[in-house]
Amino acid sequence: MEIRAATVLPARREPIELQTADGLTLVGELAQPLDRPPVATLVTLHPLPTHGGFMDSHVYKKAANRLPALADLAVLRFNTRGTSSERGTSGGAFDGGEGERFDVAAALEYAEFNDLPRVWVVGWSFGTELTLKWAHDPLVEGAILLSPPLHRATDDDLDAWARFGRPLVAMVPEFDDYLRPEEARRRFARVPQAEVIGVDGAKHLWVGEPYVRIVLNEIVRRVNPETYPLPTDI
């Protein structure tokens, strides 16, 4: 059977709640391999909620639908403050990336408390800003950025990640609306351990199954390389 955009593979999926230090409850979901422990964990940070981003943004939904079965990964998705999805609405209100520091911390604390292994943060668009600003946690093994705009995240945040020392992979679409590969390579040059991957033909939202497969393959190549490349049929 060919893996298609709507394919949902077997996994243990459970609704979760995250509690922030400033008193909010955030809603989410944790997907894990069906009959074995995960070898690593993706904590996902979604695109801008004021422009339609949420925990079900399609790349993350497809990651949760496929990667527990295909790559032995746990996938933690959640709505940042004030964001709604089919799962529900998280408490609080959008805070432009500042109050969301507590949301990032709550997700990482959940992973630590529940003994989820080898945490990598995956940020997409607005989620990349949250990653660069607030994911400097000893629990984090590395981060993967999808369509980083480098708008709210400044050179100071890049310098902080450089000092943090963990791997950083930036996947930058050729036709991104905000930051394209050549400029991204210049901006990320101040992070010695950063790798910028320009993706030919892609746009900011990674629409189209070929681009989703590129993203998911690059994620597993870093996080669980034994499962790379992902199959296209099962």
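Every chain's residues receive numbers from 1 upward, in the order its sequence appears when written. Thresholds applied to this predicted model are a pLDDT of at least 70 for local features of residues and 80 or more for the giving and counting of side-chain atom pairs; totals over whole chains, interfaces and linings are not thresholded and use all residues. The basis for every side-chain value is the complete set of non-hydrogen atoms in the structure, without hydrogens or water.

Caption draft 1: A look at the overall build of the protein chain. For the purposes of this entry, the term helix denotes a DSSP run of H or I that reaches at least four residues, the term strand denotes a run of E that reaches at least two, and both are numbered from the N terminus. Of the regular secondary structure elements, the protein chain holds 6 helices and 10 strands. It is over C-alpha atoms that the radius of gyration is taken, and the globule rule equals 2.2 Å times the number of residues to the power 0.38. Relative to the compact-globule value of 17 Å for 234 residues, the protein chain shows a C-alpha radius of gyration of 16 Å, a close match. Accessible area is worked out with a 1.4 Å probe on protein chains only. A residue is then buried under 20% of its type maximum, exposed over 50%, and partly exposed in between. Out of the 234 residues in the protein chain, the part that is buried amounts to 56%. Contacts are assigned to residue pairs that have any heavy atoms within 4.5 Å of one another. Counting only contacts in the protein chain whose residues sit at least 6 apart along the sequence, the fraction spanning at least 24 positions is 69%.

Caption draft 2: Broad picture of helix α5 (residues 181-188). Buried within α5 are the following residues: P181, A184, R187 and F188. One side of α5 holds all its buried residues, which, seen down the axis, span an arc of 120°. Exposed side of α5, more than 90 degrees from the buried face: E182 and R186 are the residues found there. Here the buried face of α5 lies against β8 (140-146), α4 (155-164), β9 (168-173) and β10 (194-199). Arc definition: directions from the helix axis to the C-beta atoms.

Caption draft 3: A look at the side chain of E29. Positionally, E29 belongs in strand β2 (residues 25-32). Given the relative accessible area of 15%, E29 is considered buried.

Caption draft 4: Main features of the packing of aromatic side chains. Each pair of aromatic rings taken from Phe, Tyr and Trp, with Trp reduced to its six-membered ring, is defined by centres within 6.5 Å and is described as stacked if the planes are under 30 degrees apart, edge-to-face if over 60, and tilted in the remaining cases. If you walk through the whole model with that rule in mind, you get 3 aromatic pairs. When the ring of Y60 is compared with that of W124, the centres are 5.7 Å apart and the planes differ by 80°; the resulting orientation is edge-to-face. Highlighted residues: Y60 in helix α1 (residues 58-71) and W124 in strand β7 (residues 119-124), separated in sequence by 64 residues. With respect to burial, Y60 and W124 carry one shared label: buried. Summarising the aromatic geometry, the rings of W161 and F164 are spaced 4.9 Å apart at their centres and angled 75° between planes, so their arrangement reads as edge-to-face. Of the two residues, W161 and F164 both sit in helix α4, 3 residues apart, roughly one turn of that helix. For the pair formed by W161 and F164, the shared burial category is buried. Geometrically, a charge over a ring is one whose NZ (Lys) or CZ (Arg) sits within 6 Å of the ring centre while staying within 35 degrees of the ring normal. Over the face of the ring belonging to Y228 we find R221, whose NZ or CZ atom lies 5.5 Å from the ring centre.

Caption draft 5: How the structure looks around the pairing of β10. Two strands pair if DSSP finds at least two bridges between them. In terms of strand pairing, β9 meets β10 through 6 bridges, oriented parallel. Paired with A170 across the two strands is V196, which belongs to β10. Seen with its strands pointing away from the viewer, a crossover is right-handed when the path leading from the first strand over the helix to the second is clockwise. For the handedness criterion, the β-α-β arrangement of β9, α5 and β10 is classed as right-handed.

Caption draft 6: Region of the structure containing the sheet that holds β8. Reading across the sheet, the 8 strands line up as β1-β2-β4-β3-β7-β8-β9-β10 and stay open at both edges, with mixed pairing between neighbours. At either margin of the open sheet sits one strand with a lone partner, and together these are β1 (12-19) and β10. Averaged over neighbouring strand pairs, the angle between their axes works out to 20° when direction is ignored. As defined by bridge partners, β8 adjoins β9 across 4 bridges and the pair is classed as parallel. Inter-axis angles, ranging from 0 to 180 degrees, are taken between N-to-C directions of lines fitted to C-alpha atoms, where helices are fitted over the stretch in contact.

Caption draft 7: Structural detail: unusual backbone geometry. Note the cis peptide between Y228 and P229, where omega equals -5°. With respect to the helices and strands, P229 occurs in the segment after α6 (209-223). Positive phi, close to 55°, is recorded for D115, a residue that is not glycine. Here D115 shows up in the loop between α2 (100-113) and β7. Although it is not a glycine, R118 sits at a positive phi angle of roughly 40°. Tracing the chain through its elements places R118 in the loop between α2 and β7. We classify R118 as partly exposed; its relative accessible area is 32%.

Caption draft 8: Quick peek at the packing of α2 against helix α3 (residues 126-134). Two numbers describe how α2 lies on α3: the axes approach to 10 Å, and their chain directions differ by 80°. The orientation of α2 with respect to α3, classified from their angle, is roughly perpendicular. Here E100, R101 and V104 of α2 come into contact with α3, specifically with F126, L130 and W134. The classification used treats Ala, Val, Leu, Ile, Met, Phe, Trp, Tyr, Cys and Pro as nonpolar, Asp, Glu, Lys and Arg as charged, and all other residues, Gly among them, as polar. Looking at the contact of α2 with α3, its residues break down into 4 nonpolar, no polar and 2 charged. Note on angle classes: values under 35 degrees are labelled roughly parallel, values over 145 roughly antiparallel, values of 65 to 115 roughly perpendicular, and the remainder oblique.

So far we have only geometry, and geometry alone does not tell us how the molecule works.
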